[in-house]
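Residue-level listing of the chains:
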Amino acid sequence: MTTSTASPSATSAPLLDLQALVVAVRRRRRLWASLALLGLLAGAAVAVLLPPRPTAVTKVLVAHKDDQPNDTGTLIRTDVELLDTTRIAAAALRSLGSREDPEDFMQDYRGTGLTNNLLQIDVTGDSDADAVARAKALAETFVTDHVRRMREAAEAESESLLDQRDRMRKELAEVNKSIGDRSPDDEPNASASIESLFARRAELDSRIAEFDQRAAEALTGTPEVVAGTKIVDAPHAVRHSLPRAVGTDAAIGLVLGLVLGLALAAVGAVVADRPVLRREIAANLGASVLAELRRGPRRSARSWQRRRTRAARERLTTTLARIVRGSAEPVSLLELGCARGTGLIALDVAGALEADGPVVVVDALPGTDLAGARRKSAGPTVLSGERAAAEPHHVRRLGVGSVAPGTAWTDLHYLGSRTVLVVRAGHGSAAWLHTVARQLADQRIAVIGVVLIDPDPRDRTDGTLWDGPHLTPRGHDERPRRHNGTGRLRAERPSMPATTVPDSDQEAR
């Protein structure tokens, strides 16, 4: 059989594998689902336990002397900032007869420019009546202050124009006096000077009339501003709906909790670097995935789910029993993150092998008691490592151990020179999987394959190393000669880097 392999550059691992990240986040759904539920409950609790204060709202139509159709809202923004001043707040409190500090009162209201000439004022109070009274006083105070400012500006402009007019009149009087002082008997050369005086008098008369007109127009525009500035929407209390507030706050809390949970799950998945895909686990261990076993259904699961789980366990038992029968050397099961499940699998495999002769399960699992986990009194014999050494050589042995942190690596060879790794997806980090592969290679323990426990149900990646080695390399150009399943010797090929493991979309011919 020939295989097509990709170049190392094409198969190099990406900086961030989005597929693995999505799978890792999905596997941590308990985290982000719990945070989303917590946010939902927190939002609902806030709406119930911390209801908003009574609020009143009013709208004021504000007229400006310099209103322009193309105004970008500068004037109304100025009015909003003027509303948020201690002078307006103090005047409103005086009209209410309140001794509250103006700066504290400023924290209880807010102005919003809806359009270029429409101002909305929101005021909170101790009750609906108090909020309405405060909104009314604040709106009336603002209208009064705005009208006063417009009148003062118009009067100041009119006075300035009248002052200029008076200066022109004084100058006109001097020109008239100069003209009157000239006699008809003056020299003919003085006629040009007289003509300039008459021209100046005409110009002054025109400017005096212009200043009179502008002063009158400045005062004429004030009544329009006064009449246009008024309260157009009477102050009224804002009705508060508790169910709507609960729904809104709960939805906001749900979204915030979900986003926070997804972010934490994603960051945790990247930092922890725990492989969850078949191709990642196979590449890090340097061994193909032989079978998968999903997590057993809960007690509340339907009967067809329990039947499917039992069928999967039976297929796994048959596969492992076939591997053990075809091996001329002792085979062991080494677990990572699934000690109890590995022990049950070992008992099932030993039970299937009893038809071929006596079987002894060598128990080296930490913290478990396989002898007490046997479901039948006539099940396979479970012994510790010391007692198993006294068993006759014709008795088939099936070792069960662990490659979790703290493992005594030198003891694993006594469980079997060939092993099947039983790994729980997402349990060990990539660095630890590399450590397991290197340590097993140093102990000259051949890894037959990997049994993946609790895989992602949507994982469609390939966990088969088509051109990969059976052992993870550690500086050796050639593997020692070992017996294969038929008892014949074969020389294993030099190992290849894990980064050159083909993916599921590579072609095998």
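On a predicted model such as this, the values are computed, not experimentally measured, just so you know. (Residues numbered from 1 in each chain as written. Predicted model: local features only at pLDDT ≥ 70, side-chain atom pairs only at ≥ 80, totals over all residues. Heavy atoms only, no water.)

For the rest of this paragraph, the subject is the side chain of Asn 284. If you trace the backbone, Asn 284 turns up in helix α10 (residues 278-285). We classify Asn 284 as buried; its relative accessible area is 14%. Reaching out from Asn 284, the side chain makes a polar contact with the backbone oxygen of Glu 280 at a distance of 2.7 Å. Residue contacts for Asn 284: discarding those within four places in its chain leaves Pro 275, Ala 430, Leu 433, His 434 and Ala 437. (Helix = DSSP H or I, 4+ residues; strand = E, 2+ residues; numbered from the N terminus. Buried < 20%, exposed > 50% of the residue type's maximum accessible area, 1.4 Å probe, protein only. Polar contact = N/O pair within 3.5 Å; in protein donor to acceptor, adjacent residues only side chain to side chain. Contact = heavy atoms within 4.5 Å.)

A few words on the environment of Cys 338. Here Cys 338 lies in the loop between β6 (331-336) and α12 (339-353). We classify Cys 338 as buried; its relative accessible area is 10%. With 64 residues separating them along the chain, Cys 338 and Ser 402 place their C-alpha atoms 9.1 Å apart.

Turning next to the packing of aromatic side chains. Counted according to the given criterion, the structure contains 2 aromatic pairs. With 5.1 Å between their ring centres and 55° between their planes, Phe 105 and Tyr 109 make a pair best called tilted. The exposure class assigned to Phe 105 is buried, which follows from its relative accessible area of 0%. Relative to Trp 432, the ring of Trp 409 has its centre 5.9 Å away and its plane inclined at 45°; by these criteria the two rings are tilted. Of this pair, Trp 409 sits in the loop between β9 (396-402) and β10 (418-424) while Trp 432 is found in helix α15 (residues 430-442), placing the two residues 23 residues apart along the sequence. (Phe/Tyr/Trp six-rings, centres within 6.5 Å; stacked < 30°, edge-to-face > 60°.)

Grouped together as the largest cluster of nonpolar side chains are 28 residues, with contacts concentrated most on Leu 320, Leu 333, Ile 345 and Val 349. Mapped by element, the contributors of at least two residues to this core are β5 (289-293), α11 (303-325), β6, α12, β7 (359-363), β9, β10 and β11 (446-453). In contact with Leu 333, other than residues within four places in its own chain, are Leu 320, Thr 342, Ile 345, Ala 346, Leu 398, Gly 399, Val 400, Gly 401, Thr 419, Val 420 and Val 422. If you look at the next biggest cluster of nonpolar residues, it comprises 25 residues, including Ala 287, Val 403, Ile 445 and Val 447. (Core = buried A, V, L, I, M, F, W, Y, C linked by side-chain atoms within 4.5 Å.)

What follows deals with the sheet that holds β10. Spatially, 7 strands are ordered β5-β11-β10-β6-β9-β7-β8 in an open sheet, and the strand pairing comes out parallel. Only two strands of the sheet have a single partner each, and these edge strands are β5 and β8 (381-383). Each adjacent strand pair in this sheet contributes to an overall mean axis angle of 25°, direction not counted. (Pairing = 2+ DSSP bridges. Axes fitted to C-alpha atoms, helices over the stretch in contact; angles between N-to-C directions.)

Scanning the entire structure with this criterion turns up 15 salt bridges. The salt bridge involving Arg 110 is made with Asp 122; its shortest N-O contact spans 3.6 Å. Within this pair, whereas Arg 110 is found in strand β2 (residues 109-113), its partner Asp 122 is found in strand β3 (residues 118-124), the two being separated by 12 residues in sequence. A relative accessible area of 51% places Arg 110 in the exposed class. Here Asp 130 ties to Arg 134 by a salt bridge, and the two come within 4.0 Å at their closest N and O atoms. Here Asp 130 and its partner Arg 134 are both found in helix α6 (residues 128-181), 4 residues apart, which amounts to about one turn of the helix. Looking at Asp 130, the relative accessible area reads 26%, which means it is partly exposed. Of the residues examined, Arg 134 reaches a relative accessible area of 8% and is grouped as buried. It is possible to trace a salt-bridge network through shared partners that takes in Arg 53, Glu 100, Asp 108, Asp 126, Asp 130 and Arg 134. (Salt bridge = Lys/Arg side-chain N within 4 Å of Asp/Glu carboxyl O.)

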